[in-house]
Amino acid sequence: MEKSNFLEVAKILNTHGVAGELKLESRCDSPEILKKIPSLYIGGEEYKVERARVAGGGRFVLAKFQGVDDLDAAMKFKGKVASAKRNDVKKKDGAHFICDMIGLDVIDADSGKVYGTLVDVQRPALQEIYYIKTAAGDTVLMPNVPEYVKEIDEEKGVFITPIKGFFDGDDEDEV
């Protein structure tokens, strides 16, 4: 699977103030990562980030693009998705971009049995939740914790130790 040169990193929720600032919802692991990205791309056009800061108790980033200097100029960005060049987004060693994981097989680390395909990753709280679509069409949710997720190989798949009873035919007699 060929990796895109661009990653979706934020959704522009609204304007902020009258000087052209925008309120961004980060799609990065942390708003701190988003605020360090030098340029964002919206509709294929590059916008250099003049300044950015984390706000809202760490939930949002307020950003100002070069040349966007008033409320009217900022309004056209409301509701848009912002992307960044892959090389501009810093990630920790061993970390993976979610877009590179979607579509990977989810495989039993011991037996090699394929349980399904990773179709989404969400972070509703402190940990990520993997959404796995089974061959039967069911969606199984699994927390991304070391007890269950053993390895992520972007070429081969997501290797897991399954939670008992989560997959069809997996310990059906257990309650």
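Residues numbered from 1 in each chain as written. Predicted model: local features only at pLDDT ≥ 70, side-chain atom pairs only at ≥ 80, totals over all residues. Heavy atoms only, no water.

To continue, consider the nonpolar core. Counting residues in hydrophobic clusters, the biggest one holds 23 residues, and the most contacted among them are Val-9, Leu-24, Leu-34, Leu-40, Phe-65 and Phe-77. At the level of secondary structure, the elements contributing two or more residues to this core comprise strand S1 (6-16), strand S2 (21-26), strand S3 (39-42), strand S4 (45-55), strand S5 (60-65) and strand S6 (81-85). The greatest single-element share of this core, amounting to 4 residues, is contributed by S1. Not counting chain neighbours up to four residues away, the residues in contact with Phe-77 comprise Ile-12, Leu-22, Ile-42, Tyr-47, Phe-65 and Val-68. With 17 residues, the next largest nonpolar core counts Leu-104, Val-106, Tyr-148 and Val-158 among its residues. (Core = buried A, V, L, I, M, F, W, Y, C linked by side-chain atoms within 4.5 Å. Buried < 20%, exposed > 50% of the residue type's maximum accessible area, 1.4 Å probe, protein only. Helix = DSSP H or I, 4+ residues; strand = E, 2+ residues; numbered from the N terminus. Contact = heavy atoms within 4.5 Å.)

A full pass over the atoms with the stated rule returns 4 aromatic pairs. Where Phe-65 meets Phe-77, the ring centres are 5.4 Å apart and the plane angle is 85°; that geometry is what we call edge-to-face. Of this pair, Phe-65 sits in strand S5 while Phe-77 sits in the loop between helix H2 (71-75) and S6; the two residues are 12 residues apart in sequence, bridging distant segments of the chain. Just as Phe-65 is buried, Phe-77 falls in that class too. These aromatic residues form a ring-pair network of at least three members: Tyr-47, Phe-65 and Phe-77. Over the aromatic face of Phe-60 sits the side chain of Lys-23, whose NZ or CZ is 4.2 Å from the ring centroid. (Phe/Tyr/Trp six-rings, centres within 6.5 Å; stacked < 30°, edge-to-face > 60°. Lys NZ or Arg CZ within 6 Å of the ring centre and 35° of its normal.)

With respect to the helices and strands, the residue Asp-100 is situated in helix H3 (residues 98-101). A polar atom in the side chain of Asp-100 sits 2.8 Å from the side chain of Arg-86. (Polar contact = N/O pair within 3.5 Å; in protein donor to acceptor, adjacent residues only side chain to side chain.)

By themselves, these are just geometric observations and shouldn't be taken as functional.
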